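Okay, here's what each chain looks like letter by letter:
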Amino acid sequence: MALITSCKKETEHAPSPYNKIESFAVTTDGNGTINAAVNGDSILVYWPAYATLPATVSARIRVSDNASVAPASGTAVKLVTGTKFTVTSQSGAARDYFLKLVLNQPGIRFNENVSYAVLKGGTFSINTNRDVKYLVEDATRTKAYLVNPAGKEEVLSISFNVRNNIHYVDVTVPENISFSEGAYKLKFTSDQVSAVTAEAVIGIIYPESKRPKAAPLTSAVTIKRNGTITFSGASFIDMKDARVYGYNADWSEREIGTFTLEGFTGTTATYKVPADFPKGTYELGGFDDKGLGIQLRTSDFFSFWSWMNTRKNYVEITGAVTITITD
């Protein structure tokens, strides 16, 4: 008998060339799971607006059989667009994938048909259902700033509150803010979105205690055209040209002219009488055709203020004296 011997050979397989990310998922703070979409070399993570955006995440990553991924599944990585993952096949072929973070957060929207006037150290409130929409109502995730015409920003203090079932963000201007009284744009950042008002809707105003006061005139005044007149007083702030007015026969006001500002200190303001100012002798405070009133314009930022309707503020000059304008 012939002995027949057989040899058993094991089948050898080539190393796997596959290096794909099959699935990629992260968990939010509320234990919800976000499954990413893998498209080409992009890992698209659509982050919901309701979930806090962390600095890092530990992703659960499934790759092709016998392949490996670096950073490994479960490793904490930065949750930012551009974070790289490299999948290496069993055969050693590597493929890079890149995280792309997509925030499902609507842009902040402002109602700019409103204005806010506030003292330094004071607080104003904004209706978050109507006047600024789509803020994340968490003061650790949302910040507010004033922006000056040069683009410089100053941070504001905020808190979110509900009064009579209406949601508000209460905004406080620091007492020591470097910005002077005036009008500023408002900026919010909320998680990864930000917006700035197109108009300067915030007016930092002076307290009434700082409103300028003029001393009354007690003796007759004669001024030449192109000459100057100086008024004394207290707390002169941001002075501008003076309005000079009179009255018609029916006691309605009429404009006579303007005294142009030459300069001012805290206690004096000096004005020039234009060359074309009507000559004559006027009665300060009178109501007939020779009556005359003088109002020294000061800062617009006292009491009421609105960017849509600027209210001019004046300091009235009082006294029962004559003012004569000559050549």
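Refer to the structure printed above.
Here the residue numbers are simple positions, counted from 1 along each chain's written sequence. At least 70 in pLDDT is required for a residue's local features to be given in this predicted model, at least 80 for side-chain atom pairs to be given and counted, and no such filter applies to totals for whole chains, interfaces and linings, which use all residues. Side-chain calculation: all heavy atoms of the structure are included, whereas hydrogens and water are not.

(A) Spotlight on the sheet that holds strand 2 (residues 33-35). When DSSP finds two or more bridges between two strands, those strands count as paired. Here a strand is any run of E in DSSP of at least two residues, a helix any run of H or I of at least four, and the numbering for each starts at the N terminus. The antiparallel open sheet is built from three strands, whose spatial order is 2-1-6. Every interior strand has two partners, whereas the edge strands, strand 2 and strand 6 (60-63), have only one. Within this sheet the neighbouring strands show an average axis-to-axis angle of 15 degrees, counted without direction. Inspection of the sheet shows strand 1 (residues 21-27) paired to strand 2 by three bridges, in the antiparallel sense. Bridged to A25 within strand 2 is N35. Convention adopted: a line fitted to C-alpha atoms gives each axis, helices being fitted over their contacting stretch, and angles between N-to-C directions are expressed from 0 to 180 degrees.

(B) How the structure looks around the pattern of salt bridges. We count a salt bridge whenever a side-chain nitrogen from Lys or Arg sits within 4 Å of a carboxyl oxygen from Asp or Glu. The full count for this structure, using the stated rule, is 11 salt bridges. Two residues, D191 and R141, come together in a salt bridge whose shortest N-O distance is 2.5 Å. Placement of the pair is D191 in the loop between strand 18 (182-190) and strand 19 (193-196) and R141 in the loop between strand 14 (132-133) and strand 15 (142-147), with a sequence separation of 50 residues. Residue classification places R141 among the buried residues on the basis of a relative accessible area of 16%. Ionic pairing is found between D300 and R297, a salt bridge with its closest N-O pair at 2.9 Å. Residue burial is assigned from relative accessible area. The probe radius is 1.4 Å, only protein chains are included, and a residue is buried under 20% of its type maximum, exposed over 50%, and partly exposed in between. Overall, the relative accessible area of 13% leaves D300 in the buried class. Each of R225, K279 and D327 takes part in a single network of salt bridges with overlapping partners.

(C) Spotlight on unusual backbone geometry. Here the bond from A70 into P71 is cis, since omega is -5 degrees, no more than 30 degrees from zero. Turning to its location among the elements, P71 is positioned in the loop between strand 7 (68-70) and strand 8 (76-78). Residues other than glycine seldom take positive phi values, yet N66 does so here, at roughly 70 degrees. Locating N66 in the fold gives a position in the loop between strand 6 and strand 7. By relative accessible area, which is 57% here, N66 ends up exposed. The phi torsion at W251 lies on the positive side, around 70 degrees, for a residue other than glycine. Along the polypeptide, W251 turns up in the loop between strand 24 (242-247) and strand 25 (253-264). The exposure class assigned to W251 is exposed, which follows from its relative accessible area of 62%.

(D) How the structure looks around the pairing of strand 6. Burial along strand 6 is one-sided: the face carrying I61 and V63 is buried and the face carrying R60 and R62 is not. In the sheet, strand 1 pairs with strand 6 via four bridges, with the strands oriented antiparallel. Bridge pairing in strand 6 links I21 to V63.

(E) Structural detail: the nonpolar core. Here, nonpolar core refers to any group of buried Ala, Val, Leu, Ile, Met, Phe, Trp, Tyr and Cys residues whose side-chain atoms link them within 4.5 Å. Core analysis: the biggest nonpolar cluster contains 26 residues, and F124, I126, L146, L156, V169, F188 and I202 have the highest contact counts within it. Breaking this core down by element, the ones donating at least two residues are strand 12 (116-119), strand 13 (123-127), strand 15, strand 16 (153-163), strand 17 (166-172), strand 18, strand 19 and strand 20 (202-205). Whether two residues are in contact is decided by their heavy atoms: any pair within 4.5 Å suffices. Excluding anything up to four places from it in sequence, F124 contacts Y116, V118, V169, D170, V171, V173 and I202. Core analysis: the second largest hydrophobic core is formed by 25 residues, V221, L292, V315 and I317 among them.

(F) Representation of the side chain of K187 in the model. Examined against the element boundaries, K187 turns out to sit in strand 18. Here a polar contact is taken to be a pair of N or O atoms separated by no more than 3.5 Å, where protein atoms must pair a possible hydrogen donor with a possible acceptor and residues adjacent in sequence count only if both atoms sit in side chains. At 2.8 Å, the side chain of K187 and the side chain of E153 are in polar contact. When neighbours within four sequence positions are excluded, K187 is seen to be in contact with K143, A144, Y145, V147, E153, S194, A195 and V196.

(G) Seen up close, the sheet that holds strand 3 (residues 37-39). What the five strands build is an open sheet, ordered 3-4-10-9-7; its pairing is mixed. Edge positions in the sheet fall to strand 3 and strand 7, since each has one partner strand and no second. Within the sheet, the average angular offset between the axes of one strand and its neighbour, ignoring direction, is 25 degrees.

(H) Structural context of the packing of aromatic side chains. Geometry of aromatic contacts follows a simple scheme: Phe, Tyr and Trp rings, the Trp one being its six-membered ring, pair when their centres are within 6.5 Å, and the pair is stacked under 30 degrees between planes, edge-to-face over 60, tilted otherwise. Across all of its chains, the model carries 12 aromatic pairs by this definition. Seen from their ring centres, W251 and F287 are 6.2 Å apart, and the 40 degrees between their planes marks the pair as tilted. With W251 in the loop between strand 24 and strand 25 and F287 in the loop between strand 27 (280-284) and strand 28 (291-297), this pair connects stretches of sequence that are 36 residues apart. A connected cluster of aromatic rings, assembled from ring pairs, spans Y245, Y247, W251 and F287. Here the guanidinium or amino end of R163 rests over the ring plane of Y168, the centre of that ring lying 4.4 Å away. Its end group placed over the ring of Y145, K187 keeps NZ or CZ at 5.5 Å from the ring centre. Throughout this description, the term charge over a ring refers to an Arg CZ or Lys NZ atom that lies within 6 Å of the ring centre and within 35 degrees of the ring normal.

Without other data, these values stay purely geometric and don't point to any function.
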